[in-house]
Amino acid sequence: MAITNSAFGPARGLDFTAARDGRHRRAQAAAGVEPVGPCLIGARPAPITHGDRVNASPSSDDIDSEFQKAVEHYQGNRFAEATALLDRLAPRCGGRAEYFRLRGHIAMRNRDPAAALIALQRAAELAPRAAVHQFELGEHYRMSGKPAEAMRQYRQALALEPGAAVVRIALAGVLALTGQVRAALGEVDQAVAAAGDNLQALLAAALAYRDLKQADAAIRTLRRASALRPDDLKIQAFLRELYTSQVRPWHFRMMNDTARNRAYDAAIRRAVGPTTHVLEIGTGSGLLSMMAARAGARLVSTCEQVESIAETAAEIVRRNGFGERVKVIPKRSTQLAIGVDLPERADILISEILSDKLLEESVLSSTAHARRQLLKPNGVMIPRAIAAVVRLAGGDFLREAAMVDRIEGFDLTPFNRFVPNSITLSMEAGQMESYSDDVEVFRFDLMADNHRPEERRLPVTARRSGTVIGLLQWLRLELDAVESFENRPTDTVTPSAWRQVFYPFTQPVALREGETLTLWAAHDLVSMAFAPIVESRQHSAISSQQGR
Ligand SMILES: C[S@@+](CC[C@H](N)C(=O)[O-])C[C@H]1O[C@@H](n2cnc3c(N)ncnc32)[C@H](O)[C@@H]1O
């Protein structure tokens, strides 16, 4: 009896330990996969083979047909009838593994795992060379929280049937549960290699990859499943879930940000000539690389760390006729090597790996690495510098986004101990009250090699009297000597793809026009923090009574 036969279709058994969480179950349901459980007597039960006929006799055909009736009762959820029939068959079927297998499955459906264990153990003993029985016993152990025993059974099944992809994935699940993630991945890789056109195995492997945080491998595997069932909406929904887990929604706002795109394009056109080799870090859709190719670059090498994005960018580049000159490399920039990925150092380094909070996409370390390792000594960088700009801000919109005061006559102010460190917003000018000029808190020269964590104290003068709720922060990019770009809130008619970030103070600060607040600002190369230094004589934190 081969484990790859139809009996190993979707498992429909009783998962009495409810081992997996709700999210996992939803995804499985989305993919049309049910948990691999011990109840593998599917729509077409595995036939009783001659190898199982220990008591073969002239009446064995009758026994087969009686047993088949018991299977049908089981499949129809008529467990009492199935059990009664099996009880009658017991004296004549005592040596049959399939008989005990069915008893085991019925016990599982009757929520009697102890009886199921005895029956499945007996089936495994009676047919030691049938992988299916070893596997199902392993499944019982897994669901009973006995990973070592489960692994032993799975390995026994795999020794009998090395190509049993479903068993490998089950083994991978237990390995992952016991912290052996690398070994688990190895098993899933082997399962996928052996899966062929086995849809269930491909779906189970895609789920396993997803759970092991290997979204690219999950996508690759699910695309194979999708090719087998192109019209299966559940598979499409799962594929979409995986794709969207890889690409954050802001990508679309970013690609549609005309002001950003034009600023980059202008700087790229000024820098690029017919002999230029451009390196771009972070391909995304390939947009900036195609701009460089369109501007006449001889070669554009561009790298993207997310495999599915890189693959899509390569398709886009070909579609737009730049396949010859734009080379998409599916790697993180820090893995690139001259002579392997790039023929030589680049003349220009383009990057747009800037988060709303400026630093969080590791822009400083990635560009520094690329400048040192992959750019010619006097190469051009676009952008050449980046900065975080802030202003003191207040008004009802920001106050309500960040803190509470008196609500329906109740004083809720203690809840303000949970005031968030930052809130990402897309500000229209009218939604905010400005209390200061713009202040460039940190500027990073990307051509320099000396970035260190910093702390600063900056005097910021109030331009009007009122209550400051916190700081609004945005980005400034110096693309070249001519071109700069800011997502400055008051300048933005159409909101930029980059959002402004609001850093609420822990409590509001009342200021009079002309007063100076000392602002503490710090960064650790990947994140920033801000706080007002409140001198009690000078500033008064407003009391709850002064609120709305
Ligand atoms: C903000 S998007 C920009 C996409 C495109 N360059 C554009 O401007 O439209 C950044 C992309 O860079 C990728 N990325 C970020 N850091 C990277 C690095 N160090 N190496 C390779 N890819 C990186 C991200 O996965 C993401 O797809």
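What counts and what doesn't
Residues numbered from 1 in each chain as written. Predicted model: local features only at pLDDT ≥ 70, side-chain atom pairs only at ≥ 80, totals over all residues. Heavy atoms only, no water. Helix = DSSP H or I, 4+ residues; strand = E, 2+ residues; numbered from the N terminus. Buried < 20%, exposed > 50% of the residue type's maximum accessible area, 1.4 Å probe, protein only. Contact = heavy atoms within 4.5 Å. Areas by Shrake-Rupley, 256 points an atom, 1.4 Å probe, with all protein chains shown as cover. Salt bridge = Lys/Arg side-chain N within 4 Å of Asp/Glu carboxyl O. Pairing = 2+ DSSP bridges. Axes fitted to C-alpha atoms, helices over the stretch in contact; angles between N-to-C directions. Expected span 1.5 Å × (residues − 1).

Participant: Would you explain the overall build of the protein in this entry?
Facilitator: Each helix and strand counted, the protein has 18 helices and 17 strands in total. Out of the 548 residues in the protein, the part that is buried amounts to 50%. The long-range share in the protein, meaning contacts at least 24 apart out of those at least 6 apart in sequence, stands at 71%. Surface summary for the protein: the accessible area is close to 25,200 Å², and the carbon and sulfur share equals 50%.

Participant: Could you clarify how one ought to interpret unusual backbone geometry in this entry?
Facilitator: Most peptide bonds adopt trans geometry, and most residues besides glycine take a negative phi value. Residue isoleucine 382 is joined to proline 383 through a cis peptide bond whose omega torsion reads -5 degrees. Within the secondary structure layout, proline 383 lies in the loop between strand E5 (375-382) and strand E6 (385-394). Positive phi, close to 75 degrees, is recorded for leucine 358, a residue that is not glycine. Its place among the elements puts leucine 358 in the loop between strand E4 (346-351) and helix H17 (363-374).

Participant: Would you mind going over the pattern of salt bridges with me for this structure?
Facilitator: Any two side chains of opposite charge can pair, on the condition that their charged atoms come close. Using the criterion set out here, one finds 28 salt bridges in the structure. As a salt-bridge pair, arginine 488 and aspartate 438 come within 2.5 Å of each other at their nearest N and O atoms. You can see arginine 488 sitting in the loop between strand E14 (484-486) and strand E15 (500-511) and its partner aspartate 438 sitting in the loop between strand E10 (433-434) and strand E11 (439-445), a full 50 residues away along the chain. Given a relative accessible area of 26%, aspartate 438 falls into the partly exposed group. Its salt-bridge partner being arginine 512, residue glutamate 515 comes within 3.8 Å of it at the nearest N-O pair. On the basis of relative accessibility, which here comes to 9%, the residue glutamate 515 falls in the buried class. A relative accessible area of 54% places arginine 512 in the exposed class.

Participant: Teacher, can you tell me more about the pairing of strand E16 (residues 516-523) here?
Facilitator: The side chains of a regular strand alternate, residue by residue, between the two faces of the sheet. Sheet topology note: the strand E12 (residues 454-461)/E16 ladder contains 8 bridges and is antiparallel. Paired with proline 459 across the bridge in E16 is threonine 518. Where E16 lies against strand E17 (residues 528-533), 6 bridges are found, and the strand directions are antiparallel. Residue pairing across strands places alanine 522 opposite alanine 529, the latter belonging to E17.

Participant: Can you walk me through the sheet that holds E16 in this structure?
Facilitator: Strands belonging to one sheet form pairs held by backbone hydrogen bonds; the direction of such a pair is parallel or antiparallel. The strand order across the open sheet formed by 3 strands is E12-E16-E17, and the pairing between neighbours is antiparallel. Either end of the sheet is taken by a strand with one partner, and the two such strands are E12 and E17. Within this sheet the neighbouring strands show an average axis-to-axis angle of 25 degrees, counted without direction.

Participant: When you look at helix H11 (residues 215-228) in this model, what are you seeing that I'm missing?
Facilitator: The periodicity of an α-helix, 3.6 residues per turn, causes residues three or four places apart in sequence to face the same way. The end-to-end C-alpha distance of H11 is 20 Å, a good match for the 20 Å that 14 residues give at a rise of 1.5 Å each. Inspection of H11 places Ala215, Asp216, Ala217, Ala218, Ile219, Thr221, Leu222, Ala225 and Ser226 among the buried residues, and these make up the whole buried set.

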